[in-house]
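What follows is the residue order along each chain.
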Amino acid sequence: MIFWGGATGNVWGDLLFGWSQSAGLPVFLGSFLDELVVDVPDKLITVFIVFAIMKGLPKKLTSLYDVNDEVEILD
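Given the structure is predicted, the values throughout are model-derived calculations rather than measurements.

Colleague: Which residues make up the side chain of Ser 20, and what values do they have?
Modeller: Locating Ser 20 in the fold gives a position in helix 1 (residues 11–22). Looking at Ser 20, the relative accessible area reads 0%, which means it is buried. Looking at Ser 20, its side chain comes within polar contact range of the side chain of Gln 21, at 3.4 Å. Excluding its chain neighbours within four sequence positions, the residues that come into contact with Ser 20 are Leu 25 and Gly 30.

Written out as structure tokens, the structure reads:
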């Protein structure tokens, strides 16, 4: 909000921010909604991509890290 007045440079977020300002909502709330629309889907998509990559790794590679579910003590 300090540098760009609440806008992010993202089309979807800035459309929502512009709407919130034309509706008379506070700048802080408009900026929060802007970030919510942009950041939450971004993070969810990233988590799904990482999950798909992890599931797509060969069993030969993942078996190197598959131990017998016991916590090792390094004493």
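Colleague: Explain the packing of helix 1 against helix 2 (residues 27–56) residue by residue, including any values.
Modeller: Running from N to C, helix 1 and helix 2 point in directions that differ by 155°, and their axes come no closer than 8 Å. It follows that helix 1 is roughly antiparallel to helix 2 by the angle criterion. Remark: the crossing between helix 1 and helix 2 carries right-handed chirality. Along the contact surface, helix 1 presents Trp 12, Gly 13, Asp 14, Leu 16, Phe 17, Ser 20 and Gln 21, while helix 2 presents Val 27, Gly 30, Ser 31, Leu 33, Asp 34, Val 37 and Val 38. Tallied by class, residues from the contact of helix 1 with helix 2 come to seven nonpolar, five polar and two charged.

Cut-off values and rules
- Residues numbered from 1 in each chain as written.
- Predicted model: local features only at pLDDT ≥ 70, side-chain atom pairs only at ≥ 80, totals over all residues.
- Heavy atoms only, no water.
- Helix = DSSP H or I, 4+ residues; strand = E, 2+ residues; numbered from the N terminus.
- Buried < 20%, exposed > 50% of the residue type's maximum accessible area, 1.4 Å probe, protein only.
- Polar contact = N/O pair within 3.5 Å; in protein donor to acceptor, adjacent residues only side chain to side chain.
- Contact = heavy atoms within 4.5 Å.
- Axes fitted to C-alpha atoms, helices over the stretch in contact; angles between N-to-C directions.
- Parallel < 35°, antiparallel > 145°, perpendicular 65-115°, else oblique.
- Left-handed = near helix turned anticlockwise from the far one by under 90°.
- Nonpolar A, V, L, I, M, F, W, Y, C, P; charged D, E, K, R; others polar.

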